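# Observations on chain architecture
Here is how the chains run, residue by residue.
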Amino acid sequence: MRVEDNFSVVKERIKQACERSGRSEDEIKVIAVTKYVSAERTQEAIDAGIIHIGENRIEGLLEKQHAINGQAVWHFIGSLQTRKVKDVVAHADYIHSLDRTSLAKEIHKRAVEPVRCFVQVNVSGEESKHGLTPEEVIPFVKELASYDRIIVVGLMTMAPFTEDEQVLRSCFRKLKELQLQVKNLELPYAPCQELSMGMSNDFEIAIEEGSTCIRVGTALVGENS
Ligand SMILES: *Cc1c(COP(=O)(O)O)cnc(C)c1O
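To keep things clear, this report deals only with the structure shown in the data block. (Residues numbered from 1 in each chain as written. Predicted model: local features only at pLDDT ≥ 70, side-chain atom pairs only at ≥ 80, totals over all residues. Heavy atoms only, no water.)

## Concerning the pairing of strand S6 (residues 150-156)
- Buried residues dominate S6, accounting for 6 of its 7 residues.
- Sheet analysis places strand S5 (residues 115-120) next to S6, joined by 6 bridges and oriented parallel. Paired with Cys-117 across the two strands is Val-152, which belongs to S6.
- Viewed along the sheet, the connection from S5 through helix H6 (residues 134-143) into S6 turns out right-handed.
- A crossover links S6 with its parallel partner strand S7 (residues 194-196), the connecting element being helix H7 (residues 165-184), and its sense is right-handed. (Buried < 20%, exposed > 50% of the residue type's maximum accessible area, 1.4 Å probe, protein only. Helix = DSSP H or I, 4+ residues; strand = E, 2+ residues; numbered from the N terminus. Pairing = 2+ DSSP bridges. Right-handed = clockwise from strand over helix to strand, strands pointing away.)

## Focus: the packing of H6 against H7
- It is at 11 Å that the axes of H6 and H7 come closest, and there the two elements cross at 20 degrees. Between H6 and H7, the interaxial angle falls into the category roughly parallel. When the axes of H6 and H7 are compared, the crossing they make is right-handed. Packed against H6, whose contacting residues are Pro-134, Val-137, Ile-138 and Val-141, the element H7 presents Lys-174, Leu-178, Gln-181 and Val-182 at the interface. (Axes fitted to C-alpha atoms, helices over the stretch in contact; angles between N-to-C directions. Parallel < 35°, antiparallel > 145°, perpendicular 65-115°, else oblique. Left-handed = near helix turned anticlockwise from the far one by under 90°. Contact = heavy atoms within 4.5 Å.)

Take a look at the structure:
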């Protein structure tokens, strides 16, 4: 399938999820996750009108950034090792995986301008997943006052690997509640208006529960090319 055709299907599914939940499609950013695919396929996504590109490794992000023609907004969505921060800060527009103080410290040290970050939360508590526990989020965000080159634009989570709609829904709902709690702190460095949640298998549920950034790989660009 051409990316253009996949994008039409995804947009239609977004539209319907928005209708079901009384939301506007303008509220939803679609990040094409290109980690599985080539630079050519990434170019196809740009040509189809996709603006946001997500990569989970800096090597992949740099490869695509050098290869593509056209404007894109770059999202680093993978777990981030401290020693890679310098490159990520220089090349990504958003980091979706801020999950510890040592990382905040390094981002602050390496950044020239404020960096837009999502705080990653492990809502489901699965051991294999990165992120703070829900209880850690508020104290962590308050601690970030010491690092003035970090802007908390929102929260991010990866839902558990399940088909169970109720489990997915309650995970997304919990993240939305936390987002509102952070937003209501009214910290100047933490507007926290965004929710990065929803992937190929669960983005409609995520939208119904308030997502503003869906990260879609398989359904948009495929798994291999
Ligand atoms: C790979 C990945 C995605 C996209 O996954 P699909 O199921 O292919 O849509 C989204 N978010 C993160 C953090 C990923 O690593």
